[in-house]
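Spelled out, the chains give:
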Amino acid sequence: MIKLQIVDGSLQVSNNGTIILVAPKNSCAIDVLALYDAIPLAVIYNKYLGTSTNIFTQPLANCVDSLDVPFSVNTFIDFAEANLGFDTASGGCGGCSTSPFQYNANLSGIQPIVGSNNASGTLSTIGGGSDNTSSGYHSTIGGGDCSTAFGDHSTIGGGLLNSSNGNCSTIGGGGCNTTCNSFAFVGGGCCNTASNCFTTIGGGLCNLVNSQNSTISGGSQNYVSGILSTIGGGFCNCASGTVYATIGGGKSNTASGSHSTIGGGSCNTASGCFSAILGGTTNNTNSCTCAMIVGNNITANRSCTTFVNDLTVTSMASCSGCSIQVSTNGLLTANNLNGGIHAFIKPSAGCSITQVLTPSVSTLTGTTNRLLVAPFIPAQTITSASLYINVSTLLVGSNAQILVYSNLNGKPDTRLYQSANLDCATTGIKTAIAVLTFTAGTTYWVGIQFSSTQSVTSFGSSSVIAIAWSGVGAQTAFFITPAFGSAPATFGTPTGVSSGIPLVGITL
């Protein structure tokens, strides 16, 4: 055996009684890392010349002290600290200060001398604090109090009463936070639990992520149980959809459908797959797939539908020519094109359109002095060259005039055009020169005034969309009864009527 002892201020090394090395003890230092090789080595070098100047290297198992007691790692370090130029704070390279750290009883964990910390895991480390336990293999606690790093390669930065149980899991700080599975992460906050693998909680209070690859960024009392789901923040929100559920924030929202989304608000439930609620309060997609809600207190009743309390379109500049109408339960459906919006395709010069796009025509018998108008809303901006009517039954001495009014609050308002008298003593087309520009998306009221009871080509009341309702009766046009030829500049108070409307052709 090789004996290492101090004799007359020098390190003396002998092999079975034969002295093989004598060196000034203060010039000697040990290589601490070599003690933790697979086969621990006792390595001594000249501290003034550096670690490359080894003067002694032997397996530690072959070395004994002056009493012939075999060295262990700790007793060899103690020997070096007491007798050689050794300082654990400077890595064993020699110095004067006393290290604040010590090796755990497992001979590999490093922990502060003070603070009742326990780095019991192999190659574990505790940087400071008190009453911390780093029991996982290669686990680390930076500081704080009463925290435990159980998982292998787990890390706790600091804080109080944190517990990092999963392998490779991390807690940054805060208090009473827990990671329970591999690669889980809690940044901080209080009483948060990341209980499945690859889960993340940024911070906040009493949040729980219970399904893998899911995230809560912050907030309070939020819960995620769906795979790959997310809650941004807020209070008492729950992302429980099977997969990919998302809640941005708000209060007491539940995204229980897979791939469902709630932007915010309160007390909303997105229970349909791929459904979404923008915000608001007390909305429910009601298990309807791909249902979307914008507003408050709305419950969806069909899939692949967007629900709103009200809807305003501020610009039709990019309209592609579509037409919609409100149907049962507020459903927007395709317009049958018999009324409302007209002129989807702008006619070429010399061609005509009418204020109703149905090919089915009828006959309307006039009422003396009645000025009857119906809405015309072009989808394309057009400029007319003339307007016309068709007299189907003549009446000698009778006349008609074509009139165009502007719109105000859904009723005719200001007179924009009034033709000269059109003679109805003969049948056929009666034309009035009229250069008028009809602007896309603008409502106009177009019609004729009868001097008597002659008949003209018209569209039947059943082929046009109602403009208003009176009880259970639909109104299709408005009329007033001024003296013939004296149509007022302002339409005045109209009367609604369920009637056919006269055909007024608009020629470009």
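The paragraphs below set out a description of the structure included in this document. Fair warning: this is a prediction, and the values are worked out from it, not measured in the lab.

1. A few points about unusual backbone geometry
Okay, so step 1: At Asn 213, a residue that is not glycine, the phi angle is positive and equals roughly 60°.
Okay, so step 2: In this structure Asn 213 comes out as partly exposed when scored by relative accessible area, which is 33%.
Okay, so step 3: Here Asn 409, not a glycine, exhibits a phi torsion of approximately 55°, which is positive.
Okay, so step 4: Structurally, Asn 409 can be placed in the loop between strand S41 (399-408) and strand S42 (411-418).
Okay, so step 5: Asn 409 sits in the exposed class, given a relative accessible area of 74%.

2. Structural notes on the sheet that holds strand S3 (residues 18-24)
Okay, so step 1: Pairing is mixed in the open sheet, where four strands are placed in the order S3-S2-S1-S7. Only two strands of the sheet have a single neighbouring strand rather than two, namely S3 and strand S7 (63-64).
Okay, so step 2: In terms of strand pairing, strand S1 (residues 2-7) meets S7 through two bridges, oriented parallel. Within S7, the residue paired with Lys 3 across the bridge is Val 64.
Okay, so step 3: Across the sheet, helix H1 (residues 73-83) is in contact with S1 and strand S2 (10-15); its angle to S1 comes to roughly 25°.

3. Considerations on a nonpolar patch on the surface
Okay, so step 1: Residues Leu 278, Val 294, Val 308 and Leu 311 make up a contiguous nonpolar surface patch of about 350 Å² in total accessible area.
Okay, so step 2: Tracing the backbone shows Val 308 in strand S32 (residues 306-308).

4. Topic: H1
An α-helix turns once per 3.6 residues; consequently, residues spaced three or four apart project the same way.
Okay, so step 1: Among the residues of H1, those classed as buried are Val 73, Phe 76, Ile 77, Phe 79 and Ala 80. Projection of H1 onto a plane perpendicular to its axis shows the buried side chains occupying an angular sector of 155°, all on one side.
Okay, so step 2: Packing partners of the buried residues in H1 comprise S1, S2, strand S4 (28-30), strand S5 (41-46) and strand S8 (101-103).

5. Quick notes on the sheet that holds strand S13 (residues 148-149)
Okay, so step 1: The sheet built from 10 strands is open, its strands ordered S11-S13-S15-S17-S19-S21-S23-S25-S27-S29 with parallel pairing. This sheet does not close on itself; its edge strands, each paired only once, are strand S11 (133-134) and strand S29 (269-270).
Okay, so step 2: Summarising the sheet, strand S27 (residues 254-255) and S29 pair through two bridges and their orientation is parallel. Of the residues in S29, the one forming a bridge with Ala 255 is Ala 270.

6. Side note on the environment of Ile 480
Okay, so step 1: Structurally, the position occupied by Ile 480 is in strand S50 (residues 477-480).
Okay, so step 2: Ile 480 sits in the buried class, given a relative accessible area of 12%.
Okay, so step 3: Residues Ile 480 and Pro 494 lie 14 residues apart in sequence; the distance between their C-alpha atoms is 5.6 Å.
Okay, so step 4: The residues touching Ile 480, leaving out its near neighbours within four places in the chain, are Asn 369, Arg 370, Leu 371, Pro 488, Phe 491, Thr 493 and Pro 494.

7. Section: the pairing of S50
Okay, so step 1: On S50, burial covers both faces: Ala 477 and Phe 479 on one face and Phe 478 and Ile 480 on the other are all buried.
Okay, so step 2: The sheet contact formed by S50 and strand S51 (residues 495-497) spans three bridges and is antiparallel. Paired with Ala 477 across the two strands is Val 497, which belongs to S51.

8. Some details on the side chain of Ser 214
Okay, so step 1: Here Ser 214 is to be found in the loop between strand S21 (208-209) and strand S22 (215-216).
Okay, so step 2: Side-chain polar atoms of Ser 214 contact the backbone nitrogen of Leu 228, separated by 3.1 Å.
Okay, so step 3: Ignoring sequence-local partners within four residues, the contact set of Ser 214 consists of Phe 198, Thr 199, Thr 200, Val 209, Val 224, Gly 226, Ile 227, Leu 228 and Ser 229.

9. A word on the pairing of S2
Okay, so step 1: The buried fraction of S2 amounts to five of the six residues, a majority that puts the element mostly inside the structure.
Okay, so step 2: Taken together, the six bridges between S1 and S2 define a ladder with antiparallel strand orientation. Within the sheet, the bridge partner assigned to Ile 2 lies in S2 and is Asn 15.
Okay, so step 3: Between S1 and S2, which follow one another and run antiparallel, lie two residues, and Asp 8 among them has a positive phi close to 50°.
Okay, so step 4: Bridge count between S2 and S3: six bridges; the pairing is antiparallel. For Ser 14, the partnering residue across the bridge sits in S3 and is Ile 19.

Reading the values: the criteria
Residues numbered from 1 in each chain as written. Predicted model: local features only at pLDDT ≥ 70, side-chain atom pairs only at ≥ 80, totals over all residues. Heavy atoms only, no water. Buried < 20%, exposed > 50% of the residue type's maximum accessible area, 1.4 Å probe, protein only. Helix = DSSP H or I, 4+ residues; strand = E, 2+ residues; numbered from the N terminus. Pairing = 2+ DSSP bridges. Contact = heavy atoms within 4.5 Å. Axes fitted to C-alpha atoms, helices over the stretch in contact; angles between N-to-C directions. Patch = residues over 30% accessible without salt bridge, like charges linked within 9 Å, V, L, I, M, F, W, Y side chains within 5 Å. Areas by Shrake-Rupley, 256 points an atom, 1.4 Å probe, with all protein chains shown as cover. Salt bridge = Lys/Arg side-chain N within 4 Å of Asp/Glu carboxyl O. Arc of directions from axis to C-beta. Polar contact = N/O pair within 3.5 Å; in protein donor to acceptor, adjacent residues only side chain to side chain.

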